[in-house]
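A look at the structure
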Amino acid sequence: GITAVQGPDGKVTVHILVDRIYVLQVSGDLEQAAAVARDACTRCEKVLGPDAEETLTAQSDLSSIEFWLGNLAAAEPVNVKVMEAFKRLKGPENPYTLTSMANLAAVYWAEDKTQKAEEMDVNLVSIRSRVLGPMHPDTLRTMNSLGAAYRENGNLALAEQTDRQSYEGRLKVL
């Protein structure tokens, strides 16, 4: 196979390894996907560098897998690392950055860190409204999450207002 030709740390081998993470995720084998993702993260950093998009993709995949496995303590720091790298490399309004922010907000929710989730969602709604528009499905989805955060944190007036905006927007768009 390609590993015999390229070696275990060849660029093509590393790219194939990252692709394998997706296949394992889709097939539902999350434990194996996590093991492959950990290996891919190590190899990508070594072969491609810590700031390579493929490295960050493998790290993002690992964070998502850890999230779905319920390993939130493992998911959060990886997600923070990926988000900060995308902000630094691609800018705060890049789709990769915004997706990593939304993923981190979901981790905060799962960890019952609703104040952090709210802060992340406020920032996301602001950026997505400006970049994508207030009626974009991603903006509306984040508004829905923000409304839930407001409600969870006891700010019922803002929750109601945000929920209404999100609902009315979805009626117009979807």
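Cut-offs applied
- Residues numbered from 1 in each chain as written.
- Predicted model: local features only at pLDDT ≥ 70, side-chain atom pairs only at ≥ 80, totals over all residues.
- Heavy atoms only, no water.
- Helix = DSSP H or I, 4+ residues; strand = E, 2+ residues; numbered from the N terminus.
- Buried < 20%, exposed > 50% of the residue type's maximum accessible area, 1.4 Å probe, protein only.
- Contact = heavy atoms within 4.5 Å.
- Areas by Shrake-Rupley, 256 points an atom, 1.4 Å probe, with all protein chains shown as cover.
- Lys, Arg positive; Asp, Glu negative; His and termini not counted.
- Charge placed at Lys NZ, Arg CZ, Asp CG, Glu CD.
- Salt bridge = Lys/Arg side-chain N within 4 Å of Asp/Glu carboxyl O.
- Polar contact = N/O pair within 3.5 Å; in protein donor to acceptor, adjacent residues only side chain to side chain.
- Axes fitted to C-alpha atoms, helices over the stretch in contact; angles between N-to-C directions.
- Parallel < 35°, antiparallel > 145°, perpendicular 65-115°, else oblique.
- Left-handed = near helix turned anticlockwise from the far one by under 90°.

Let us now look at the overall build of the chain. Looking only at helices and strands, the chain has nine helices and zero strands in total. Mapped in sequence order, the helices and strands of the chain form the string α-α-α-α-α-α-α-α-α. Principal-axis analysis of the C-alpha atoms places the extent of the chain at approximately 60 × 30 × 30 Å. The buried share of the chain, taken over its 174 residues, is 39%. For the chain, restricting intrachain contacts to residue pairs at least 6 apart in sequence, the fraction spanning at least 24 positions comes to 50%. By element, 55% of the accessible surface of the chain is carried by carbon and sulfur atoms, the whole surface being about 9100 Å². The average position of the 18 basic charges and that of the 24 acidic charges among the side chains of the chain differ by 3 Å.

This brings us to the pattern of salt bridges. Considering all chains together, one arrives at 11 salt bridges under this definition. In this structure, lysine 90 and glutamate 53 form a salt bridge, with 3.0 Å as the shortest nitrogen-oxygen distance. With a gap of 37 residues between them, lysine 90 in helix α5 (residues 72-90) and glutamate 53 in helix α4 (residues 53-69) connect regions that are remote in the sequence. A relative accessible area of 34% places lysine 90 in the partly exposed class. Classification of glutamate 53 by relative accessible area gives partly exposed; the value is 35%. Between arginine 164 and glutamate 160 there is a salt bridge, with its nearest N and O atoms 2.8 Å apart. Highlighted residues: arginine 164 and glutamate 160, both in helix α9 (residues 156-173), separated by four residues, approximately one helical turn. Using a relative accessible area of 49% as the deciding quantity, one classes glutamate 160 as partly exposed. A network of salt bridges, in which partner residues are shared, links Glu76, Glu111 and Lys113.

In this section: the side chain of threonine 114. Considering the arrangement of structural elements, one finds threonine 114 in helix α7 (residues 114-131). Within the structure, threonine 114 has its side chain in polar contact with the side chain of asparagine 153 (distance 2.5 Å). Apart from the residues within four sequence positions on either side, threonine 114 is in contact with Tyr108, Trp109, Ala149, Glu152 and Asn153.

Contact geometry for helix α2 (residues 11-27) and α4: axes closest at 10 Å, N-to-C directions at 25°. Between α2 and α4, the crossing angle belongs to the class labelled roughly parallel. For the element pair α2 and α4, the recorded crossing hand is left-handed. Note on element contacts: α4 touches α2 through Glu54, Thr57, Ala58, Asp61, Ser64 and Ile65, opposite His15, Val18, Ile21 and Gln25.

Scope: geometric values only; no functional claims are made or implied.
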